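Residues per chain are reported as follows:
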Protein chains: 2
Amino acid sequence: MDVLNGKWKIAIISSICCYGKRRFSDILNDVDGISNRMLSKELKELELNELVKRTILNTQPITVQYELTEHGNTLQTTISNLADWGVVHRKKIVGK
Amino acid sequence: MDVLNGKWKIAIISSICCYGKRRFSDILNDVDGISNRMLSKELKELELNELVKRTILNTQPITVQYELTEHGNTLQTTISNLADWGVVHRKKIVGK
DNA sequence: CTGAATCCAGATGGATACTG
DNA sequence: CAGTATCCATCTGGATTCAG
């Protein structure tokens, strides 16, 4: 069950969870290199997996807010572990 | 730094770490659906990242043994967390 | 602003056959 | 047994454009 496949899922989640609530274009800025096509697609998948909640705000122009669900928060620990490991790993492999 | 990309990395690591040492064809059996082509390729990547150690045994016919490196073992905790989370997740999403 | 649609190149991965 | 090579279908994801 790899819910975190796709090139950007982890970065997206990190961006959202770091700020609590985040608008579409904010995430687009946070995550370097992502296209709106991908952001849209992956957000939709995260929504399907109930990791992310989507709220439409009736502003003008319209904005959409994303935040982690409770369930999404349970991932945070695991993801940060993975991220930490990645940092150590990089040091070990690259810096030798 | 997604070292765990590819469709099978996690399953392969699980197989190896579960048994300690594992031969090529054993892993081929453990991991359901994988082809020798993929197994070979992903093992090579894991080896490059120093997660897995490869030892050629001078038996007849020749066999090759794979085991996790120390560094590979540091992943075990994180992976099993991820796996646990996956199980819970599946229950939550599928079984509602 | 949000996000869906189209187009398209390159990566991924399965089946199979072959070598040492 | 372990691994490589080839062929080929499918998937991924970037660029761009369009719509509400």
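Refer to the preceding data block for the structure.
An account of the accompanying structure is given in this report.

About the cut-offs
Residues numbered from 1 in each chain as written. Chains lettered and ligands numbered in written order. Predicted model: local features only at pLDDT ≥ 70, side-chain atom pairs only at ≥ 80, totals over all residues. Heavy atoms only, no water. Contact = heavy atoms within 4.5 Å. Buried area = accessible area lost by both parts, 1.4 Å probe. Polar contact = N/O pair within 3.5 Å; in protein donor to acceptor, adjacent residues only side chain to side chain. Helix = DSSP H or I, 4+ residues; strand = E, 2+ residues; numbered from the N terminus. Salt bridge = Lys/Arg side-chain N within 4 Å of Asp/Glu carboxyl O. Phe/Tyr/Trp six-rings, centres within 6.5 Å; stacked < 30°, edge-to-face > 60°. Lys NZ or Arg CZ within 6 Å of the ring centre and 35° of its normal. Near = heavy atom within 4 Å. Nonpolar A, V, L, I, M, F, W, Y, C, P; charged D, E, K, R; others polar. Buried < 20%, exposed > 50% of the residue type's maximum accessible area, 1.4 Å probe, protein only.

A few words on the interface of chain A and chain B. Each partner contributes to the interface: chain A provides 19 residues, whereas chain B provides 19 residues. For the pair chain A and chain B, the two sides together bury roughly 2100 Å², of which 68% comes from carbon and sulfur. Summed over the three residues of chain A that lose the most area to chain B, namely Met1(A), His71(A) and Trp85(A), the buried surface amounts to 31% of that side. Our count for the chain A to chain B interface comes out at four residue pairs in polar contact (both at pLDDT 80 or more). Looking at which element gives the most residues to the side of chain A that touches chain B, the answer is helix H4 (residues 70-94) of chain A, with eleven residues.

With that settled, the discussion passes to the pattern of salt bridges. Under the definition given, this model contains twelve salt bridges over all chains. The network of salt bridges with shared partners includes Arg22(A), Arg23(A), Asp26(A) and Asp30(A).

Our focus in this paragraph is the packing of aromatic side chains. Per the counting criterion, the structure on display carries zero aromatic pairs over all chains. Its end group placed over the ring of Tyr19(A), Arg22(A) keeps NZ or CZ at 3.6 Å from the ring centre.

Residue and element names in this part refer to chain A. In this chain, Gln-60 is followed by Pro-61 through a cis amide linkage whose omega measures 0°. Looking at the element boundaries, Pro-61 is found in the loop between strand E2 (52-57) and strand E3 (63-68). For Glu-50, which is not glycine, the phi dihedral falls at a positive 60°. Within the element layout of this structure, Glu-50 appears in the loop between helix H3 (36-48) and E2.

With that out of the way, let us pick up the protein's contact with DNA strand D. What surrounds DNA strand D is a group of 21 residues, the closest being Arg37(A), Phe24(B), Ser25(B), Arg54(B) and Tyr66(B). Within 4 Å of the protein, atoms of DNA strand D come from sugar and phosphate in 60% of cases. Contacts to DNA strand D include Ser25(B), whose side-chain N or O atom sits 2.7 Å from a phosphate oxygen. At 3.4 Å from a base oxygen of DNA strand D is found a side-chain nitrogen or oxygen belonging to Asn36(B). For the surface near DNA strand D, the secondary structure elements donating two or more residues are H3 of chain A together with helix H2 (24-30), helix H3 (36-48) and strand E3 (63-68) of chain B. A class-by-class count of the residues in the surface near DNA strand D yields seven nonpolar, seven polar and seven charged.

On to the environment of Ile56(B), then. All names here are of chain B. Relative to the elements of secondary structure, Ile-56 occurs in strand E2 (residues 52-57). Judged by relative accessible area, which is 45%, Ile-56 ranks as partly exposed. Once the C-alpha coordinates of Ile-56 and Arg-23 are considered, the two residues, 33 residues apart in sequence, prove to be 9.8 Å apart. Setting aside anything within four residues of it in sequence, one finds Ile-56 in contact with Ile-62, Thr-63 and Val-64.

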